[in-house]
Amino acid sequence: MKAIHMVDLKQQYFNIKSEVDAAIAEVLDSTVFIGGPQVADFSKSLAEYLDIKHVIPCANGTDALQIAMMALDLKPGDEVITPSFTYVATTEVIALLKLKPVFVEVDPHTFCVDPEAIRKAITPKTKAIVPVHLYGHSCEMEEIMAIANEHNLFVIEDNAQAIGADYTFRDDTTKKTGTIGTIGCTSFFPSKNLGCYGDGGAVFTNDDALAEKLKMIANHGQKTRYYHEMVGCNSRLDALQAAILNIKLPLLDSYIHARIKVADFYDNAFAENQKITTPFRADYCKHVFHQYTLILENGDNSETFRNELVAFLAENNIPSMIYYPVPAHKQKMFASFGGADYHLEKTDWLTHRVISLPIHTEMDEEQLTFITQKVLEFVNK
Ligand SMILES: *Cc1c(COP(=O)(O)O)cnc(C)c1O
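Heads up: these notes are all about the structure in this document. These figures come from a predicted structure and were not determined experimentally. (Residues numbered from 1 in each chain as written. Predicted model: local features only at pLDDT ≥ 70, side-chain atom pairs only at ≥ 80, totals over all residues. Heavy atoms only, no water.)

## Considerations on the pattern of salt bridges
Taken as a whole and assessed by the stated rule, the structure comprises 16 salt bridges. We note a salt bridge from lysine 176 to aspartate 166, for which the minimum N-O separation is 3.0 Å. Of this pair, lysine 176 sits in strand S7 (residues 174–176) while aspartate 166 sits in strand S6 (residues 166–168), and the two are 10 residues apart along the sequence. Aspartate 166 gets classed as buried once you look at its relative accessible area, which sits at 16%. (Salt bridge = Lys/Arg side-chain N within 4 Å of Asp/Glu carboxyl O. Helix = DSSP H or I, 4+ residues; strand = E, 2+ residues; numbered from the N terminus. Buried < 20%, exposed > 50% of the residue type's maximum accessible area, 1.4 Å probe, protein only.)

## Topic: the environment of alanine 3
Tracing the backbone shows alanine 3 in the segment before helix H1 (9–15). For alanine 3, a relative accessible area of 52% translates into the label exposed.

## Let's talk about the environment of glutamine 12
Topologically, glutamine 12 is positioned in helix H1. In the structure, glutamine 12 is positioned 300 residues away from phenylalanine 312 in sequence and 27 Å away in space, judged by C-alpha atoms. Residues within four places of glutamine 12 in sequence aside, it is in contact with Lys248, Tyr255, Thr361 and Glu362. (Contact = heavy atoms within 4.5 Å.)

## Here's the deal with the sheet that holds S6
Pairing is antiparallel across the open sheet formed by 3 strands, whose spatial order is S7-S6-S13. The strands lining the two open edges of the sheet, one partner per strand, are S7 and strand S13 (285–286). (Pairing = 2+ DSSP bridges.)

## Here we look at the site of the ligand
Taken together, the neighbourhood of the ligand is formed by Asn60, Gly61, Thr62, Tyr87, Ala89, Thr90, Val132, Asp158, Ala160, Gln161, Ser187 and Lys192. A distance of 3.5 Å separates an oxygen atom of the ligand from a polar atom in the side chain of asparagine 60. Here serine 187 contributes a side-chain N or O atom positioned 2.7 Å from an oxygen atom of the ligand. Across the complex, the protein chains shield 92% of the 380 Å² of accessible surface that the ligand would expose by itself. (Near = heavy atom within 4 Å. Polar contact = N/O pair within 3.5 Å; in protein donor to acceptor, adjacent residues only side chain to side chain. Areas by Shrake-Rupley, 256 points an atom, 1.4 Å probe, with all protein chains shown as cover.)

## Some points on the pairing of strand S3 (residues 100–104)
The buried count for S3 comes to 4 of 5 residues, which makes it a mostly enclosed element. At this point the chain moves from strand S2 (residues 79–83), through helix H5 (residues 88–96), to the parallel S3, and the crossover so formed is right-handed. (Right-handed = clockwise from strand over helix to strand, strands pointing away.)

## Some remarks on the nonpolar core
By size, the foremost hydrophobic cluster in this structure holds 91 residues, and its most contacted members are Phe42, Leu46, Phe188, Tyr266, Tyr292, Leu357 and Val375. With 7 residues, the single largest contributor to this core is helix H10 (residues 252–270). Mapping this core onto the domain boundaries places at least three of its residues in each of domain 1 (9–250) and domain 2 (252–379). With near-sequence residues (within four places) excluded, leucine 357 lies in contact with Met6, Tyr266, Phe270, Tyr292, Leu294, Leu313, Ile371 and Val375. (Core = buried A, V, L, I, M, F, W, Y, C linked by side-chain atoms within 4.5 Å. Domains from an automatic or database assignment.)

## Some points on H5
Quick reminder: α-helices carry 3.6 residues per turn. Residues three or four places apart thus point the same way. If you check which residues of H5 are buried, you get Ala89, Thr90, Thr91, Val93, Ile94 and Ala95. Structurally, H5 contributes buried residues whose contacts are with helix H4 (61–70), S2, S3 and strand S5 (154–158). Following H5 by one or two positions, lysine 98 has its phi on the positive side, about 65°.

## Some thoughts on the sheet that holds strand S14 (residues 292–296)
Spatial strand order, S12-S14-S15: 3 strands in an open sheet with antiparallel pairing. Only two strands of the sheet have a single partner each, and these edge strands are strand S12 (276–277) and strand S15 (354–357). Pairing of S12 with S14, which is carried by 2 bridges, proceeds in the antiparallel orientation. For threonine 277, the partnering residue across the bridge sits in S14 and is isoleucine 295.

## What about the packing of aromatic side chains?
If you walk through the whole model with that rule in mind, you get 17 aromatic pairs. Seen from their ring centres, phenylalanine 42 and phenylalanine 188 are 5.3 Å apart, and the 80° between their planes marks the pair as edge-to-face. You can see phenylalanine 42 sitting in helix H3 (residues 37–50) and its partner phenylalanine 188 sitting in the loop between strand S8 (183–187) and strand S9 (201–205), a full 146 residues away along the chain. On the numbers, 6.4 Å between centres and 25° between planes, the contact of phenylalanine 85 with phenylalanine 111 is stacked. Of this pair, phenylalanine 85 sits in the loop between S2 and H5 while phenylalanine 111 sits in the loop between S3 and helix H6 (115–121), and the two are 26 residues apart along the sequence. According to the relative accessible area criterion, phenylalanine 111 is buried, its value standing at 4%. Three or more aromatic residues link up through ring pairs in this structure, and these residues are Phe103, Phe334, Phe337 and Tyr342. (Phe/Tyr/Trp six-rings, centres within 6.5 Å; stacked < 30°, edge-to-face > 60°.)

Structure representation (structure tokens):
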């Protein structure tokens, strides 16, 4: 059996090596390392794929979130509502910009921010909502957009884990996640569903004026070189990364398909087990399974039980991960933002019970059979 990894970038690269190597060689020959045709081509192709007017590439997903928030003219102390159960980048950027992160609960079925919790957290100072399409599952965007419209709030979608996911509205129209709110943000970190071979990210929007501003902010606040109209930053996707992404974007749907097949295999294997809850797939969403995350329930002993499973799998050379062991409101980073005052029971409940199993585009049935057997062996012992 091939060694099991959380993601197998080596094998994925091997399958497209000749195209990728040629694309890299072309950039090296041109010596246009910043900007250039690959970056422009990629932005255009991604805009077409997402069916959105503007894609502005940047250096990474964290920058994408920062650039998005900088473009909205928020004032220090303005409140931004975000789930506590997310990767640190989402919440960190809010604090970095001297805004106030307001942490709310997720729906324990979808792992995504609970629209009702957003509604309850709104105050006169609330200016924006940052829904996170966690693990590749879409947030309840129709509900979130209704709340945002009602209260005149910006919506910045953190789409770093869900590129390619679909959200279907009640009238049966479908949009890609990240294209529904005011601005969408994504990351091309190597292990993401559309990953490059270094750092990369992008922001997207349908708003022409906002697109212009996002582009300027990512480029030192300038439209014309050396004429700086606003304080920005330096955040670029480089040509090598764009060349690699140009090879990988046409494969994204097949990569998503491969991930869904892995998820289906796991779902079937665990379906009858009382202690395991497999990932929920809401009917409004096409899940792209950036992660395959189980909830493990064993009474009062759930957290220990989960941690023992991690150790048992590791003994059998099966990696697994806890995404995320500490929610934002419990991070030291947010102590001065009143983190300790929050009581987010569902979030805490999840952090003690979640475990993510290996999922990637190159898994085979032998590996999946072994993993599921070992998980069941531990859980049923
Ligand atoms: C990966 C990730 C980011 C940040 O992306 P980087 O490219 O690592 O900066 C932000 N939010 C979420 C939910 C992520 O998973």
